[in-house]
Amino acid sequence: MTSEVRVSAPAKINLHLGVGQVRPDGFHPLVTVFQALGLYDELTLRPARTSSLTVSGEDVDVTAVPTGSSNLVLRAVEALAAHHGRTDLAVSCHLRKRIPVAGGLAGGSTDAAAALVGVDSLFELHTPRQELHDLAAGLGSDVPFCLHGGTALGTGRGEELAPLMSRGDYWWVLLPDDEGLSTPAVYSAYDLLGHHAEPEPPTELLAALRVGDVARVGELLHNDLAPPACSLRPDLAEVVAAGEECGAFGGLVSGSGPTVAFLCGDAEHAAYVDGRLQETLGTAPGIVVKAPAHGARVVGARVGG
Ligand code: C5P
């Protein structure tokens with residue numbers, strides 16, 4: 001009997017985020033290109049009498065993470081147990097957070113993906129992949145991609161995925177921000193900006209990814225949520241501009257922000273851009289990560305007591 005599993009789950013960035021007019025259900029139709037980042041939260045799960053969650057942070061302020069039943073980790077545990085009609089499945093979870101909270105990097109969503117994978121493995125449920133995907137979509141628009149990882153085209157509200165061919169390594173400098181931005185607030189600010197056309201697939205970007213032209217990908221980064229995020233946080237536009245002046249291939253607000261991300265060609269390039277950003281903006285060192293990365297997966301298990 002497995003007594004403990006450890007799951008690592010990645011942050012994500014949207015290389016392209018096209019957003020249409022709000023739907024009757026309150027969500028927005030998206031055409032987005034997801035890339036999983038080599039920055040992982042780690043969730044450890046053990047069987048227990050009742051489910052619980054504790055959180056610790058590595059260079060991340062975790063005070064904003066709820067540990068009660070509203071946390072996506074515990075909601076994911078419950079959803080998978082209910083799916084299998086099991087009232088006896090409960091886990092004590094410990095989450096080591098490395099992904100900035102409310103940063104536009106899908107930190108909360110990826111923790112939910114980790115919980116689905118972890119509970120499935122711990123209790124040997126063998127849930128078919130499609131069923132895990134459907135449960136993930138019920139928990140949040142980004143959760144299916146966090147299960148999937150790699151590079152993928154997301155449509156619908158982001159939950160319909162098609163894997164994309166991508167060559168090469170993508171190095172990012174991430175500049176997190178102490179103050180998180182609320183995703184619904186950014187979408188509401190987007191609605192106020194006027195009527196929005198149906199989003200289209202970014203064909204040039206997809207071609208650059210296929211051949212691994214990282215510099216061209218940098219030029220083609222696009223986020224429809226950047227204007228509303230910047231309307232709530234005008235300083236973000238200056239940060240994006242500074243990164244481009246500091247030699248990055250391109251920069252953008254990540255998802256609904258406020259994390260700003262800069263694309264570089266290799267580790268040395270990223271270290272150079274990171275150093276120049278610190279000089280220019282007077283900020284702390286950024287987080288340098290490589291992409292694309294794997295989806296949520298078990299990285300360790302203990303058998304027996
Ligand atoms: O799906 P998720 O729970 O991550 O979404 C959080 C919020 O972001 C939603 O309640 C909605 O306000 C907004 N959202 C949206 N359109 C999407 C995805 C998210 O309006 N496609």
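Note that the coordinates shown come from a computational prediction; the quantities given were computed from them, not determined experimentally.

1. Points about the pairing of strand β3 (residues 52-57)
Okay, so step 1: Strand direction decides the pairing type here: β3 and strand β4 (residues 91-97), joined by six bridges, are parallel. For Thr54, the partnering residue across the bridge sits in β4 and is His94.
Okay, so step 2: Following the backbone out of β3, through helix α1 (residues 72-83) and into the adjacent parallel β4, one traces a crossover that is left-handed.

2. What about the site of the ligand?
Okay, so step 1: Near the ligand, the surroundings consist of Gly26, Phe27, His28, Leu30, Gly140, Ser141, Asp142, Arg157, Gly158, Thr183, Pro184 and Tyr187.
Okay, so step 2: Considered class by class, the residues forming the shell around the ligand number four nonpolar, six polar and two charged.
Okay, so step 3: The two domains that each donate at least three residues to the shell around the ligand are domain 1 (2-164) and domain 2 (170-291).

3. Considering the packing of helix α9 (residues 235-245) against helix α10 (residues 267-281)
Okay, so step 1: Their axes nearest at 9 Å, the elements α9 and α10 cross at an angle of 130 degrees. Here α10 runs oblique to α9, going by the angle between their axes. Relative to α10, α9 is oriented so that their crossing is right-handed. Across the interface between the two elements, Val239, Ala242 and Gly243 of α9 pack against Val273, Leu277, Thr280 and Leu281 of α10.
Okay, so step 2: In terms of residue class, the contact of α9 with α10 is made up of five nonpolar, two polar and no charged.

4. A look at the UniProt feature "domain: GHMP kinase C-terminal" (unreviewed entry) in the protein chain
Okay, so step 1: Residues annotated in UniProt with the feature "domain: GHMP kinase C-terminal" (unreviewed entry) correspond here to residues 206-271.
Okay, so step 2: Summarising residues 206-271: 55% helix, 17% strand, and an end-to-end C-alpha distance of 27 Å.

5. Details of the pairing of strand β7 (residues 170-175)
Okay, so step 1: With six of its six residues buried, β7 lies for the most part within the structure.
Okay, so step 2: Where burial is concerned, the two faces of β7 agree: the one with Tyr170, Trp172 and Leu174 and the one with Trp171, Val173 and Leu175 are both buried.
Okay, so step 3: As paired elements, β7 and strand β10 (residues 260-264) share five bridges and run antiparallel to each other. Among the inter-strand pairings, Trp172 is bridged to a residue of β10, identified as Leu263.

6. A short note on the sheet that holds β7
Okay, so step 1: A sheet is described by the order of its strands in space; here four strands give the open sequence β9-β10-β7-β11, paired in antiparallel fashion. What marks the edges here is a single partner per strand, and that holds for β9 (250-253) and β11 (287-291). Strand-to-strand twist in this sheet, taken as the mean axis angle between neighbours without regard to direction, amounts to 25 degrees.
Okay, so step 2: Bridging between β7 and β11 involves five bridges; their strand directions are antiparallel. Pairing of Tyr170 across the sheet is with Ala291, part of β11.
Okay, so step 3: Across the face of the sheet, α9 comes into contact with β7, β9 and β10 while running at roughly 165 degrees to β9.

7. Describing the nonpolar core
Okay, so step 1: Of all hydrophobic cores here, the largest spans 92 residues; its most connected members are Val73, Ala113, Ala115, Leu116, Trp172, Val173 and Leu263.
Okay, so step 2: Tallying contributions element by element places strand β2 (residues 30-47) first for this core, with 10 residues.
Okay, so step 3: Not counting chain neighbours up to four residues away, the residues in contact with Leu116 comprise Ala76, Leu80, Leu132, Leu135, Ala136 and Leu147.

8. Some points on the environment of Ala197
Okay, so step 1: Secondary-structure assignment places Ala197 in the loop between α5 (183-191) and α6 (203-211).
Okay, so step 2: Residue class for Ala197 comes out exposed when judged on the 8 C-beta atoms lying within 10 Å of it.
Okay, so step 3: Separated by 177 residues in sequence, Ala197 and Gly20 have C-alpha atoms that sit 5.6 Å apart.

9. Quick look at the UniProt feature "domain: GHMP kinase N-terminal" (unreviewed entry) in the protein chain
Okay, so step 1: Under the feature "domain: GHMP kinase N-terminal" (unreviewed entry), the UniProt entry names residues 71-150.
Okay, so step 2: Annotation note: span residues 71-150, helix share 56%, strand share 9%, distance between end C-alpha atoms 25 Å.

10. Side note on the environment of Glu42
Okay, so step 1: Topologically, Glu42 is positioned in strand β2.
Okay, so step 2: Sequence spacing of Glu42 and Asp111 is 69 residues, and the spatial spacing of their C-alpha atoms is 8.0 Å.
Okay, so step 3: Not counting chain neighbours up to four residues away, the residues in contact with Glu42 comprise Arg6, Ser8 and Arg96.

11. Considering the domain arrangement of the protein chain
Okay, so step 1: The assigned domain composition of the protein chain is domain 1 (2-164) and domain 2 (170-291).
Okay, so step 2: Among the elements of the structure, β1 (2-19), β2 and β5 (151-155) are those that each provide at least two residues to the side of domain 1 that touches domain 2.
Okay, so step 3: Looking at the side of domain 1 that touches domain 2, the element that brings in the most residues is β2, giving eight residues.
Okay, so step 4: Of the residues contributing to the side of domain 1 that touches domain 2, the split by class is 19 nonpolar, 11 polar and no charged.

12. Here we look at the packing of α1 against helix α2 (residues 107-122)
Okay, so step 1: The contact between α1 and α2 brings their axes to 8 Å, and the two run at 35 degrees. As α1 packs across α2, the resulting crossing turns out to be right-handed. Where α1 abuts α2, its residues Leu72, Val73, Arg75, Ala76, Val77 and Leu80 lie against Gly108, Ser109, Asp111, Ala112, Ala115, Leu116, Val119 and Asp120.
Okay, so step 2: Partitioning the contact of α1 with α2 into residue classes produces nine nonpolar, two polar and three charged.

Criteria and thresholds
- Residues numbered from 1 in each chain as written.
- Predicted model: local features only at pLDDT ≥ 70, side-chain atom pairs only at ≥ 80, totals over all residues.
- Pairing = 2+ DSSP bridges.
- Helix = DSSP H or I, 4+ residues; strand = E, 2+ residues; numbered from the N terminus.
- Right-handed = clockwise from strand over helix to strand, strands pointing away.
- Near = placed C-beta within 6 Å.
- Nonpolar A, V, L, I, M, F, W, Y, C, P; charged D, E, K, R; others polar.
- Domains from an automatic or database assignment.
- Axes fitted to C-alpha atoms, helices over the stretch in contact; angles between N-to-C directions.
- Parallel < 35°, antiparallel > 145°, perpendicular 65-115°, else oblique.
- Left-handed = near helix turned anticlockwise from the far one by under 90°.
- Contact = placed C-beta atoms within 7 Å.
- UniProt positions renumbered as here; feature names shortened; annotations may be inferred.
- Buried ≥ 20, exposed ≤ 12 C-beta atoms within 10 Å, placed from the backbone.
- Core = buried A, V, L, I, M, F, W, Y, C linked by C-beta atoms within 7 Å.

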